[in-house]
Amino acid sequence: MRNFFGRLAEFMQDRYGSDKLNNFILAVTAVLYLINLFARSSIMIVIIMLLLGVAIFRALSKNINKRLYENRRFMDIFGGAGDFIKRQYMKIRDFKTHRYLRCPYCKAQLRLKKRTGMQQIHCPRCGEDFKKNILF
């Protein structure tokens, strides 16, 4: 078994490997596969195989610069979506203990302890102070 991992590491040397775009392609492939369990479409099987082929091709590619460029473009377009989903999850998770507000000056997202009434808030990003009435 030790020899197998050594050979695998030697094979993967100078290859691109996995990145966020590959993870996204594999996640889409998994979702399509689960949908295809009920739909039973031969066209969807072809799409799933093509997506798997693209993911494997990208992971085993030796053209690292081109794969980096592809991943950078993907992150430029869809990178903010992950941050948005993470912020929404944190808002739901911290609903009982914290409140999230936006700074009126720099539009930064601020996380405040749950206290009601008029609050004096200091934004750590822009340094401005402002008052906000928190109702609940």
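All values reported here derive from a predicted model rather than from experimental measurement.

J.: An account of the environment of M90 is needed here, citing residue identities and associated values.
T.: With respect to the element layout, M90 can be found in helix α4 (residues 64-93). Along the chain, M90 and F5 lie 85 residues apart, while their C-alpha atoms are 39 Å from each other.

J.: I'd like a rundown of the packing of aromatic side chains, residues and numbers included.
T.: For the structure on display, the rule yields 5 aromatic pairs. When the centroid spacing of 6.5 Å and the interplanar angle of 65° are considered together, the rings of Y105 and F130 count as edge-to-face. Of this pair, Y105 sits in the loop between β1 (98-102) and β2 (109-113) while F130 sits in strand β4 (residues 129-134), placing them 25 residues apart in sequence. Within the aromatic cluster, the residues linked to one another by ring pairs are F24, F74 and F78. The aromatic ring of F11 is capped on one face by R15, whose charged end is 4.3 Å from the ring centroid.

J.: Which residues make up the nonpolar core, and what are the values?
T.: L101, C103, A108, L110, L112, I121, C123, F130 and I134 form the largest nonpolar core, which has 9 residues in total. Looking at this core, the elements that each hand over two or more residues are β2 and β4. In this structure, A108 is in contact with L101, R102, C103, C123 and R125, ignoring residues within four places of it in sequence.

J.: Residue-level account of the packing of helix α2 (residues 20-39) against α4, with values.
T.: Packed helices, taken two at a time, are described by the angle their axes make and the gap between the axes. Axis separation between α2 and α4 bottoms out at 8 Å; the angle between their running directions is 70°. One way to sum up the angle between α2 and α4 is to call them roughly perpendicular. Listed contacts from α4 to K20, L21 and F24 of α2 are E70, N71, F74 and M75. Along the lines of polarity and charge, the residues of the contact of α2 with α4 split into 4 nonpolar, 1 polar and 2 charged.

J.: Describe in detail the pattern of salt bridges, supporting the description with residues and values.
T.: Scanning the model with the defined rule gives 5 salt bridges in all. Of the charged contacts in the structure, one is a salt bridge between E70 and R58, with a shortest N-O distance of 2.9 Å. With E70 in helix α4 and R58 in helix α3 (residues 42-60), the pair connects residues that are 12 residues apart, well separated along the chain. The shortest N-O distance in the salt bridge between D94 and R111 comes to 3.2 Å. Pair noted here: D94 is in the loop between α4 and β1 and R111 is in strand β2, with a separation of 17 residues, a long-range link.

J.: I'd like a description of the packing of α2 against α3, backed by residues and values.
T.: With their axes 9 Å apart at the nearest point, α2 and α3 run at an angle of 160° to one another. The pairing of α2 with α3 is recorded here as roughly antiparallel in orientation. In this structure, the crossing between α2 and α3 has a hand that is left-handed. Along the contact surface, α2 presents L21, N22, I25, L26, V28, T29, L32, Y33, I35 and N36, while α3 presents M44, I45, I47, I48, L51, L52, V54, A55, R58 and A59.

J.: Describe the side chain of H98, listing the residues and the values that go with them.
T.: Along the chain, the position of H98 falls in strand β1. A polar side-chain atom of H98 sits 2.8 Å from a polar atom in the side chain of T97. Here R111 takes part through its side chain, which lies 3.3 Å from a polar atom of the side chain of H98. Ignoring anything within four residues of it in the chain, the contact list for H98 reads R111, L112, K113 and K114.

J.: I'd like to hear about unusual backbone geometry, residue by residue, with values.
T.: The phi dihedral of D14 falls on the positive side, at around 65°, and the residue is not glycine. Along the chain, D14 falls in the loop between α1 (2-12) and α2. Although it is not a glycine, R40 adopts a positive phi angle of roughly 55°. By secondary structure assignment, the location of R40 is in the loop between α2 and α3. Owing to a relative accessible area of 69%, R40 belongs among the exposed residues under this scheme.

Rules used in this analysis
- Residues numbered from 1 in each chain as written.
- Predicted model: local features only at pLDDT ≥ 70, side-chain atom pairs only at ≥ 80, totals over all residues.
- Heavy atoms only, no water.
- Helix = DSSP H or I, 4+ residues; strand = E, 2+ residues; numbered from the N terminus.
- Phe/Tyr/Trp six-rings, centres within 6.5 Å; stacked < 30°, edge-to-face > 60°.
- Lys NZ or Arg CZ within 6 Å of the ring centre and 35° of its normal.
- Core = buried A, V, L, I, M, F, W, Y, C linked by side-chain atoms within 4.5 Å.
- Buried < 20%, exposed > 50% of the residue type's maximum accessible area, 1.4 Å probe, protein only.
- Contact = heavy atoms within 4.5 Å.
- Axes fitted to C-alpha atoms, helices over the stretch in contact; angles between N-to-C directions.
- Parallel < 35°, antiparallel > 145°, perpendicular 65-115°, else oblique.
- Nonpolar A, V, L, I, M, F, W, Y, C, P; charged D, E, K, R; others polar.
- Salt bridge = Lys/Arg side-chain N within 4 Å of Asp/Glu carboxyl O.
- Left-handed = near helix turned anticlockwise from the far one by under 90°.
- Polar contact = N/O pair within 3.5 Å; in protein donor to acceptor, adjacent residues only side chain to side chain.

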